[in-house]
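Survey of secondary and tertiary structure
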Amino acid sequence: MKFLEYTPFDSLNLFLDQLNLGDCTIRGNLEAFSCKHTATDRRLSISLEHEILDYLGKSSDSDPSSPVEHLSSRSSRKTLIYLVLTLGHMYPDYDFSAVRAHLFFQEEELESFKQMVDTYLSDASRQWAATNDGNSLLDSMTKAIDEVIKIRECDIYSYNPDTDGDPVQEKGAIWSFYYFFYNRKLKRVVSFRCYCTSKLSGDDFLIGAASDGEEEDALIDMDI
């Protein structure tokens, strides 16, 4: 994956970089990546592919919880690998090589993303509007994403990690969420990560990259 610089994200990322909301701080970031593999990506991609195929070989088709139907598709496996690689580039010091596939969810509509922004960024939205001629933060975000990746042509995924698989938990996060917009034609992914920390946890939780971590479970239960 290669990081791509796009100016439509600049003002939004500047606004969401350590946004002060009184007793808590919000940090959010929009990033774009091409799906072209680096040498490291290729090695990890091959490793993940082998792990998935090994899992499929051990799975029973009669098992109702088995993801065989989905992971047996080459396209689904590629998508999973792109999402895992994107996470790795977002948090280069964190190990996502064994992240479980069922932690990714394909969103049927853009509305789930809009609802998440409206719910968790309501205070941030008021601040944005106050300093941007009354413009909506959500509208500004979706417009910027659309400029970069043509949002209506994207498959949208959310990542809902458990405690061990969320890098920002080590920073004292109260809540966090992750969305990925994947345009298959453009071979491009846009990620949006956002989390909130209480100031009671200390400023040292707000700065620096996450520590190394490791998922213990195998790639399972994919539905993409």
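Everything numeric here is computed off the predicted structure, so don't read it as measured data.

Let's talk about the packing of aromatic side chains
One pass over the structure, following the stated rule, counts 15 aromatic pairs. Considering the side-chain rings of F3 and F33, the 5.9 Å spacing of their centres and the 70° angle between planes classify their relative orientation as edge-to-face. One end of the pair, F3, is in strand β1 (residues 2-4); the other, F33, is in strand β3 (residues 24-34), with 30 residues separating them in the sequence. Residue classification places F3 among the partly exposed positions, given a relative accessible area of 43%. Three or more aromatic residues joined by ring pairs form one cluster here, namely F113, Y120, W175, F177, Y179, F181 and F192. If you follow R193 out to its NZ or CZ, it ends over the ring of Y91, 4.7 Å from the centre.

Some words on unusual backbone geometry
The backbone of Q18 shows a phi angle near 60°, a positive value even though the residue is not glycine. Within the secondary structure layout, Q18 lies in the loop between α1 (10-16) and β2 (19-20). With a phi angle near 55°, K187 is a residue other than glycine that sits in the positive phi range. Tracing the sequence through the fold places K187 in the loop between β6 (173-183) and β7 (188-198).

Comments concerning the confidence of the model for the protein
Across the protein, the average pLDDT comes to 81, with 78% of residues at or above 70. Within the model, the stretch residues 62-69 combines pLDDT values under 50 with ten contacts to residues more than four positions away or in other chains. Scored below 50 in pLDDT, residues 203-222 makes 59 contacts in the model with residues more than four places away or belonging to other chains.

What about the nonpolar core?
The biggest cluster of nonpolar side chains holds 35 residues, and the ones touching the most others in it are F113, L121, I145, F181, V190 and F192. Secondary-structure elements contributing two or more residues to this core are α1, β3, α5 (111-120), α6 (122-131), α7 (137-149), β6 and β7. Excluding anything up to four places from it in sequence, F181 contacts L110, F113, I145, I149, I151, C154, D155, I156, R188, V189 and V190. Core analysis: the next-biggest nonpolar cluster, separate from the first, contains 28 residues, I52, Y91, Y157 and A173 among them.

What counts and how
Residues numbered from 1 in each chain as written. Predicted model: local features only at pLDDT ≥ 70, side-chain atom pairs only at ≥ 80, totals over all residues. Heavy atoms only, no water. Phe/Tyr/Trp six-rings, centres within 6.5 Å; stacked < 30°, edge-to-face > 60°. Helix = DSSP H or I, 4+ residues; strand = E, 2+ residues; numbered from the N terminus. Buried < 20%, exposed > 50% of the residue type's maximum accessible area, 1.4 Å probe, protein only. Lys NZ or Arg CZ within 6 Å of the ring centre and 35° of its normal. pLDDT = per-residue confidence, 0-100. Contact = heavy atoms within 4.5 Å. Core = buried A, V, L, I, M, F, W, Y, C linked by side-chain atoms within 4.5 Å.

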